[in-house]
Amino acid sequence: MKILCDRTALQEAVNVVSSVVPAKTTKPILHNFLVRSSDNGITLFATDLEMAARVELDSVKVSKKGSVLLPARETGALLRELSDPTVTLESTDQRCRIESGGGNFVLLGEDPAQFPDEAKVKGGKRIEIEVGRMLRMIQETAFAAAREETRYAINGVLLDASAGTVRMVATDGRRLAISYATVPTKAECKVVVPLRALNTLARALSEGSKETLSIEVGDKQIVFVTGKAQLVSQLLETRFPDYEGVVPKSADTTVEITRAVLEGALRRSSVLCSSDMRVVRFEIGEQSLRMTADNSSRGRADVTIDAVVKGSGGSINFNPDYILEALRVCQLDTIRLDMSDDSMPAKFTLGEAFTYIVMPISGA
Amino acid sequence: MIRKLPPEVVNQIAAGEVVERPSSVVKELVENALDAGARRIRVELRAGGAEAIVVIDDGDGFLPEDLPLAFASHATSKLQGVADLDHIGSLGFRGEALASIGAVARCRILSRRHDAQEGWEVRCEGGVETSPQPCGAPAGTRMEVRDLFFNVPARRRFLKSASAERARIQELIAELSLARLDVDFTLVGDDREILRLPRDESLAQRFARCFGEELAKGLLPVSRAFDGMKVEGLVAEPDLARRDGKLELMFVNGRLARESSSLHAVRQAFREYLMGGRFPIYALQVALPPDQVDVNIHPRKAEVRFVEARMVAGRLHETVRAALLGRLGLPMAAGGVVIAPDMPRARSGFPQLPPSLFGDAVLPPPPPSAAGAEPYVVREPVAAPAPAFARGAAASTPPVVSRLNPFQRVTGRYLQVMDLYLLLEGQDGLMVVDQHALHERVMYEQLRQQHAARAVQSQRLLVPTVVEVTPAELAWFEAAQEALQQEGLHVAPFGPGAIAVHAVPTVLARLDARKLVRSLVVGDETAGMAPVREALADRFHSMACRSAVMSGDRLNDAEIQQLLVDAARLEHPHNCPHGRPTVLTFTGPELERYFRRRC
Ligand SMILES: Nc1ncnc2c1ncn2[C@@H]1O[C@H](COP(=O)(O)OP(=O)(O)O)[C@@H](O)[C@H]1O
Ligand SMILES: [Mg+2]
């Protein structure tokens, strides 16, 4: 194989496929990515057997067709260090010569025939969504997912599409985040996508982009396609709890607060929570919200901020970290809290299409 | 072909349950002597009991009319009908021991009632009994058991060496004797006196005589009366703990017996004082109304069951805990068993110490210049040699038992070496302290104290976690529901074979709820709240470990002094929470011996 291509384009493509290359694996061949050339372009492919990434690159001058397996880390690092606008790759057997202004390098690859094949996705349903919107949905949910294998929603986020709405839902059993979007397609599906796949996808998506991300949901896999890049992931076969059931339908009290003020106040009070007892007490005043934290060995915090309060008031305890994590990805200026008492879930409205449910702490 | 076994064989098989080895014979015979009201019991052995076991008592003696039935099975004078089974006051009640022993040995009974002129003799060999013959005999009973298992060669081959059997019998008599301080015991092996336990000594004296004089100094008396239950006895200082559970002795209404939830409860009370793999030492007499105890569940009567097992276990825990606390004059938290029961809630009754070990006036001079350059910096912060703690204590609190906390007896001279060890001058000698281990213990106690002082809080779960349980576990959870809720764990039955977890203790909120619940029911479902508390203790351990000063941290004077002040307040300063020792003391005499100043 012999090709000549734009160095920056190749480097970006290598970065995308490298995102699925495992850091540690018992199958060393997976440290590589595959380059395969056609008449006027190349395809890069890498996988960790749970996820696979593929990028197509055109405007490549192919003087000799073929394929080669290259070590992902070294290739990526090398391309970053080169300075010429173009680069030539020429492979014979499993050696690949890289030629660019900075010198002459030989990378030792492995046999391309030994590399796993791309999976064929069966029974796909297609959903199309704006890239920027998808990125927001991932940001608004992924943080709330359980990260330990032991809990029920194992490292995954629910993707629930029906009647022109796509919802993403994540929970760790103590809080639950829902983010949704309306889409033109009417496909129906309810699958759990691994957190790792979503994080990898998020890295490839750009904030606010109006481009289209097309999602194809199969029985066992899900495929995300934007432009020339494609990410395939295995789906998780976990049962996701009935999230609609936990969203409270009514509340005794509604509080509206300026997000930045709440975040600052909560951050300050949570300093005085001990590391084993993360509890901040919310007391709803007439037009105020008072937050107190008590760490018997370090001190007390007592902060009061303005709020617009409707309803009976009262008090409720939260783990402040749960709220701070959500505020970090919230873009609204004013957020709303609907709450009842210690035993009922509280609902935070953190965006036009972003709802966050937190279970309070009782018995304080 | 199915054949009915001849009666000798049936008796031999039955005997196997009761008579396992010489010590089981001794146990039955000594119990019989005690049941007969003996005040003096002498046990003689030949070849560890394999050749002969003779038990001589000064009890009531056999009624002559009972003698023909002495070796008959299920013949007893202690029980008449089924109704008697639930208030057994005697040690024997099955009437099986003599029948079993008689089936597998050559036996002879010589017995005379105190009011009779004449004694009687009866023999039994391999289950065949002679008719009683009148003869002269001292008042009381002499039981001879010779050639044990002479007709069961398989059993005889399995006997251990004479010395091993003798050692076991010695242990057994020691154990049995603790329940009866009013009885004089003598054990003689091959004409040599092995054990002599005069009567009317204190429990501690007898305990030390039986199990080693070095234990005598570390025995704490225990005595507590509850409604319908009494606990008395001794617990040994945790630092005396053994590598086996041999000296975990519990007597239920005078009977040496185990009961699993009580065993667990007492171990639990000792838990954080003991290094892994160590077992506490104690001898506890538990007195309960006889109808609260089922003694008829084990062939050798070595185990009993309580009707109110959980309550008894809880009270034992409380009692032992209180005794361990009593060492420092610390009161126990009210309300019985609570999380971290070893610390009084929020400062109550805690000795008030001065804020600094040395007081502001005698703050140490600044360390010598370029201290960091010297490998070891000698610091002599106090001029006065008076023990610092004693001064503080004398001011406001009654004196405490200082044997227990060596840090209350330091003179104030110290030296940090290798950025890991502190050398202290204590009144007992030279103390070498592992700074990390000691600080870990300090942190651990502080965390527990804080925890005890604040209200239990629960993180509610969004969706209840459902855990499948067996019907027995379900019943346990239903019974424990309220108690668990007090610890912050909210569970409720969920259909026939499951429970739902609605909230978990906030301190443990990061744990998986299902695992937490499973840990409650694995193994011993009578363990009560212990696993929740163990999970808490583990959490405190790891937090303490993370926040403690490390080896390699050079400490400044203020830090060392603070550590010593904190250490002086510790209830149990000898081990870090993982059980590693914190301090090693070389006493004056030890050092003298080492330097050959004396031999
Ligand atoms: N040392 C003894 N002194 C007086 N009576 C005894 C003695 N040993 C046994 N006996 C009598 O023999 C009976 C049978 O003893 P044993 O087989 O051990 O049954 P148990 O002790 O269960 O009654 C006892 O009930 C008691 O009447
Ligand atoms: Mg008996």
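Rules of the game
- Along every chain, residues carry numbers that run from 1 in the direction the sequence is written.
- Working convention: letters from A go to chains and numbers from 1 go to ligands, in the order in which they are written.
- Side-chain atom pairs in this predicted model are given and counted only at pLDDT of 80 or more, local residue features only at pLDDT of at least 70, and totals for whole chains, interfaces and linings cover all residues.
- Water and hydrogen atoms play no part in the side-chain values, which are based on all heavy atoms of the structure.
- By definition, any uninterrupted DSSP run of H or I lasting at least four residues is a helix, any uninterrupted run of E lasting at least two residues is a strand, and each is numbered from the N terminus.
- Accessible area is worked out with a 1.4 Å probe on protein chains only. A residue is then buried under 20% of its type maximum, exposed over 50%, and partly exposed in between.
- Residue-level accessible areas treat just the shown protein chains as cover; the underlying method is Shrake-Rupley with a 1.4 Å probe.
- The pairing criterion is simple: DSSP has to find at least two bridges between the two strands.
- Here the axes come from fitting lines to C-alpha atoms, over the contacting stretch only for helices, and the angles between their N-to-C directions go from 0 to 180 degrees.
- The contact criterion used throughout is that any non-hydrogen atoms of two residues lie within 4.5 Å.
- For patch building, the residue pool is restricted to those with more than 30% relative accessible area and no salt bridge; the joining distance is 9 Å between like charges and 5 Å between nonpolar side chains (Val, Leu, Ile, Met, Phe, Trp, Tyr).
- Within this document, salt bridges are pairs made up of a side-chain nitrogen of Lys or Arg and a carboxyl oxygen of Asp or Glu, the two lying within 4 Å of each other.
- Any pair of Phe, Tyr and Trp rings, taking the six-membered ring for Trp, is counted once the centres come within 6.5 Å. Such a pair is stacked with planes under 30 degrees apart, edge-to-face with planes over 60 apart, and tilted for the rest.
- Criterion for a charge above a ring: Arg CZ or Lys NZ at most 6 Å from the ring centre, at most 35 degrees from the ring normal.
- Roughly parallel refers to an angle under 35 degrees, roughly antiparallel to one over 145, roughly perpendicular to one between 65 and 115, and oblique to any angle outside these ranges.
- Residue-level confidence of the predictor, termed pLDDT, takes values from 0 up to 100.
- By convention the crossing between two helices is left-handed if the near helix lies anticlockwise of the far one by an angle smaller than a right angle, and right-handed if it lies clockwise.
- Gly is placed with the polar residues, together with every amino acid not listed as nonpolar (Ala, Val, Leu, Ile, Met, Phe, Trp, Tyr, Cys and Pro) or charged (Asp, Glu, Lys and Arg).

## What to know about the overall build of chain B
Regarding its fold elements, chain B presents 15 helices and 24 strands. With 599 residues in all, chain B has 51% of them scored as buried. Here chain B has roughly 27,200 Å² of accessible surface; of this, 54% comes from carbon and sulfur atoms.

## Overview of the sheet that holds strand β14 (residues 189-194) of chain A
The strands making up a sheet associate through hydrogen bonds between their backbones, and the pairing can be parallel or antiparallel. Residues and elements named next belong to chain A. If you walk across this open sheet you meet the nine strands as β14-β11-β12-β13-β26-β25-β24-β18-β22, and the pairing is antiparallel. Single-partner strands in this sheet number two, and they are β14 and β22 (308-311). Within the sheet, the average angular offset between the axes of one strand and its neighbour, ignoring direction, is 20°. Here strand β13 (residues 175-182) pairs with strand β26 (residues 354-358) via five bridges, running antiparallel. Its bridge partner lying in β26, Ile-178 is registered against Thr-355. The strands that helix α4 (residues 195-204) touches are β11 (156-162), β12 (165-171) and β14; relative to β14, the one it contacts most, it runs at about 80°.

## Focus: a nonpolar patch on the surface
All names here are of chain B. On the surface, a cluster of nonpolar side chains totalling about 590 Å² of accessible area is made up of Leu-430, Leu-584, Phe-586, Leu-591, Tyr-594 and Phe-595. Elements supplying a minimum of two residues to the nonpolar patch: β24 (583-587) and α15 (588-594). Relative to the assigned elements, Leu-430 resides in strand β20 (residues 429-434). For Leu-430, a relative accessible area of 32% corresponds to the partly exposed category.

## So, the pairing of strand β12 (residues 248-252) of chain B
Residues and elements named next belong to chain B. Taking burial as the measure, the five residues of β12 include five buried ones, the bulk of the element. Examined bridge by bridge, β12 and strand β14 (residues 282-287) share five bridges and lie parallel to one another. Residue pairing across strands places Val-252 opposite Val-286, the latter belonging to β14. Direction of pairing for β12 relative to strand β13 (residues 255-256): antiparallel, over a ladder of two bridges. Counterpart to Val-252 in the pairing with β13 is Arg-255. What sits between β12 and β13 in their antiparallel hairpin is a turn of two residues, with Asn-253 showing a positive phi close to 50°.

## Examining the packing of aromatic side chains
One pass over the structure, following the stated rule, counts six aromatic pairs over all chains. Seen from their ring centres, Phe282(A) and Phe318(A) are 5.1 Å apart, and the 85° between their planes marks the pair as edge-to-face. With a gap of 36 residues between them, Phe282(A) in strand β19 (residues 280-284) and Phe318(A) in strand β23 (residues 314-318) connect regions that are remote in the sequence. Taken as a pair, Phe282(A) and Phe318(A) share a single burial class, namely buried. An aromatic cluster of at least three residues, connected via ring pairs, comprises Phe143(A), Phe282(A), Phe318(A), Phe348(A) and Tyr356(A). The ring of Phe150(B) carries the charged tip of Arg106(B) above its face, separated from the ring centre by 4.1 Å.

## Overview of the packing of helix α5 (residues 162-178) of chain B against helix α6 (residues 203-211) of chain B
To characterise two packed helices, one gives the angle between the axes of the helices and the distance between these axes. All names here are of chain B. Where α5 meets α6, the closest approach of the two axes is 10 Å, and the angle between their N-to-C directions is 175°. Accordingly, the angle class assigned to the pair α5 and α6 is roughly antiparallel. In this structure, α5 contributes Ala-174, Glu-175, Ser-177 and Leu-178 to the contact, and α6 contributes Leu-203, Arg-206, Phe-207, Cys-210 and Phe-211.

## Focus: the pattern of salt bridges
Counted by the stated rule, this structure contains 51 salt bridges over all chains. One salt bridge connects Asp39(A) with Lys65(A), and the closest N-O pair in it is separated by 3.3 Å. Of this pair, Asp39(A) sits in the loop between β2 (32-37) and β3 (42-47) while Lys65(A) sits in the loop between β5 (61-64) and β6 (67-71), and the two are 26 residues apart along the sequence. For Asp39(A), a relative accessible area of 58% translates into the label exposed. A salt bridge links Arg242(B) to Asp244(B); its shortest N-O distance comes to 2.8 Å. According to the relative accessible area criterion, Arg242(B) is partly exposed, its value standing at 27%. A single salt-bridge network, built from bridges that share partners, covers Arg108(B), Glu121(B), Arg123(B), Arg142(B), Glu144(B) and Arg146(B).

## Thoughts on the sheet that holds β13(B)
All names here are of chain B. Strand order in the open sheet formed by five strands is β10-β11-β14-β12-β13, with mixed pairing between adjacent strands. This sheet does not close on itself; its edge strands, each paired only once, are β10 (219-226) and β13. Note that β10 and strand β11 (residues 229-236) share eight bridges and pair antiparallel. Directly across from Leu-220, in β11, lies its bridge partner Val-235. Each of β12, β13 and β14 touches α5; the most contacted strand, β12, lies at about 50° to it. Running at roughly 45° to β11, α6 makes contact with β10, β11, β12 and β14 of the sheet.

## A word on the confidence of the model for chain A
Detailed reading of predicted coordinates is not advised where the pLDDT is low. In the predicted model, chain A carries a mean pLDDT of 89, and the fraction of residues at 70 or more is 97%. Per-residue pLDDT stays below 50 along residues 149-153 of chain A; that stretch engages in 22 contacts with residues further than four places along the chain or on separate chains.

## Points about the side chain of Thr43(A)
All names here are of chain A. Relative to the assigned elements, Thr-43 resides in strand β3. A relative accessible area of 18% means that Thr-43 is categorised as buried. In this structure, Thr-43 is in contact with Leu-34, Val-35, Arg-36, Arg-54, Val-55 and Glu-56, ignoring residues within four places of it in sequence.

## Notes on the packing of helix α3 (residues 131-142) of chain A against α4(A)
All names here are of chain A. Direction vectors running N to C along α3 and α4 enclose 135°, while the axes themselves pass 10 Å from each other. If you check the angle between α3 and α4, you find them oblique. Here the hand of the crossing between α3 and α4 comes out left-handed. Only Leu-195, Leu-198, Asn-199, Leu-201 and Ala-202 of α4 make contact with α3, whose side of the interface consists of Met-134, Leu-135, Ile-138 and Ala-142. Of the residues in the contact of α3 with α4, the class split is eight nonpolar, one polar and no charged.

## Quick look at helix α7 (residues 260-270) of chain B
Judged by how many residues are buried, α7(B) sits mostly within the fold: eight of eleven residues are covered. When we look at burial in α7(B), the residues that qualify are Ser261(B), Ser262(B), Leu263(B), Ala265(B), Val266(B), Gln268(B), Ala269(B) and Phe270(B).

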